[in-house]
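Reading the structure
As a plain string of letters, each chain reads:
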Amino acid sequence: MEGKMRLLTKEEAGAMVKKLEESYPNTKYYLDFKTPLDLLVAAILSAQTHDELVNKITPGLFGKFKSAKDYASASEAELLKYIKPVSFAGNKAKNIINAAKTIDGKYGGKVPRTMDELISLPGIGRKTANTILINAYGIVEGIPVDTWVIKLSPRLGLSMEKNPDKIEKDLMEKIDRKYWHDIAYVLKRHGKALCKAIPECSKCPVKDMCPKNGVKKAI
Ligand code: SF4
C-alpha cells in the first residue's frame, strides 16, 4: 500500500521527534575526538566514509598531528600515510592542510567558534560547522544535515526539500530547539535500527505518526 507523501504539521513533527528522542536515549556523536581540531579533521575525513573507519585511523593521526601548525606544515604525502583508507583521501588531505593554515595564520591556532568563520574554511560546509559548534563548543546554531537526515526527512514528513540547507531550515522550523543538538544522531540511529531501505514499520515507535508507514520499498 502506498503511503501518502505529506509534510507533518509543527505539532505532529514535535510529537514524533519527542517520541524518537525518548526511544533512542543517550544518543552521542559518533566520531572520536579530544579537541576541536581533532573533531574538525575527523569530520572532514568522515564525508562518504564509514565512521568506524574514521575512528580506526584517527588515533594514529591525532597522535602525530596535535596542532593546526602540525597539519599546516605537513605535506599531502605525509598526511596520506595516515588517512589513505578514507575515500577522496587526496582532496581531504588538501582541505585539512589548507584549513589548518587558515586556523594557524588567522585564528591563532584555535578552531573558530562561529558559523561564518567555520564555513569559510576549505572542506567545511554547514553540516560540519554545525557538528563542530555543537560537539566541540556546545553552541547550537542549527542542525547538522547528514546523509541520514537527508534520507529520513521526506519519509518522516519533516521536509520534502533536497538541498541540505533547505532541509535544515525546514527542520529548524518544525523541531523544538532543545532537540537540535542531537536530532541528526537520533535519526541516524533510527535509520540504522528500523527505518532502513526496507523499513521495519511494525516495530517502529513512531509508526502511528509516520506518513510513510506501510510502504515496503525504499523512497
Ligand atoms: S520505520 Fe516505518 S513507520 Fe517508522 S519512521 Fe520509518 S517509515 Fe515511518
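Everything quoted here is computed from the prediction, not taken from an experiment. (Residues numbered from 1 in each chain as written. Predicted model: local features only at pLDDT ≥ 70, side-chain atom pairs only at ≥ 80, totals over all residues. Heavy atoms only, no water.)

Bringing the layout of surface pockets into the picture now. Each pocket or cavity is described by its volume, and for the largest pocket that value is around 590 Å³. Together, 30 residues line the largest pocket, and Ser 46, Gln 48, Lys 127, Asp 146 and Thr 147 are the ones closest to its centre. For the lining of the largest pocket, the elements supplying multiple residues, two or more each, are α3 (51–64), α8 (126–137), α9 (147–155), α10 (164–174) and α11 (183–193). At five residues, the largest contribution of residues to the lining of the largest pocket is made by α8. (1 Å grid on protein atoms, 1.4 Å probe; cavity = no way out; pocket = protein on both sides within 12 Å on 5 of 7 lines; lining within 4 Å. Points joined across faces, edges and corners; volume = space filled by probe spheres on them. Helix = DSSP H or I, 4+ residues; strand = E, 2+ residues; numbered from the N terminus.)

In this section: the nonpolar core. The nonpolar side chains of soluble globular proteins are, as a tendency, buried together. Leu 40, Leu 45, Leu 61 and Tyr 71 are the most contacted members of the largest nonpolar core, which totals 67 residues. Here this core gathers at least three residues from each of two domains, domain 1 (10–28 + 144–203) and domain 2 (36–137). (Core = buried A, V, L, I, M, F, W, Y, C linked by side-chain atoms within 4.5 Å. Buried < 20%, exposed > 50% of the residue type's maximum accessible area, 1.4 Å probe, protein only. Domains from an automatic or database assignment.)

Here the focus is the site of the ligand. Every residue near the ligand is listed here: Arg 155, Leu 156, His 190, Cys 195, Pro 199, Cys 201, Cys 204, Val 206, Lys 207, Cys 210, Lys 212 and Asn 213. Among the cavities detected, the one that contains the ligand is the largest cavity. Of the residues assigned to the shell around the ligand, the class counts are seven nonpolar, two polar and three charged. (Near = heavy atom within 4 Å. Sits in = over half its atoms within 2 Å of the grid points. Nonpolar A, V, L, I, M, F, W, Y, C, P; charged D, E, K, R; others polar.)

This part is about the domain arrangement of the chain. You can read the domains of the chain as domain 1 (10–28 + 144–203) and domain 2 (36–137). Measuring from the centre of the C-alpha atoms in domain 1 to the corresponding centre in domain 2 gives 26 Å. Listed per partner, the contact involves 10 residues of domain 1 and eight residues of domain 2. Interface of domain 1 and domain 2: buried area, both sides summed, is about 670 Å²; carbon and sulfur atoms make up 47% of it. At the boundary of domain 1 with domain 2, the tally comes to three salt bridges. A salt bridge links Arg 126 to Glu 168, with the nearest nitrogen and oxygen atoms 2.6 Å apart. The interface formed by domain 1 and domain 2 contains four residue pairs in polar contact (both at pLDDT 80 or more). At three residues, the largest contribution of residues to the side of domain 1 that touches domain 2 is made by α11. Class assignment for the residues of the side of domain 1 that touches domain 2 results in four nonpolar, one polar and five charged. (Contact = heavy atoms within 4.5 Å. Buried area = accessible area lost by both parts, 1.4 Å probe. Salt bridge = Lys/Arg side-chain N within 4 Å of Asp/Glu carboxyl O. Polar contact = N/O pair within 3.5 Å; in protein donor to acceptor, adjacent residues only side chain to side chain.)

Next up on the list: the packing of α9 against α10. α10 packs onto α9 with a crossing angle of 60° between their chain directions and a minimal axis gap of 11 Å. Viewed along their axes, α9 and α10 adopt a mutual orientation that is oblique. As α9 packs across α10, the resulting crossing turns out to be left-handed. In this structure, α9 contributes Val 149, Ile 150 and Ser 153 to the contact, and α10 contributes Pro 164, Ile 167 and Leu 171. Residue composition of the contact of α9 with α10, grouped by class: five nonpolar, one polar and no charged. (Axes fitted to C-alpha atoms, helices over the stretch in contact; angles between N-to-C directions. Parallel < 35°, antiparallel > 145°, perpendicular 65-115°, else oblique. Left-handed = near helix turned anticlockwise from the far one by under 90°.)

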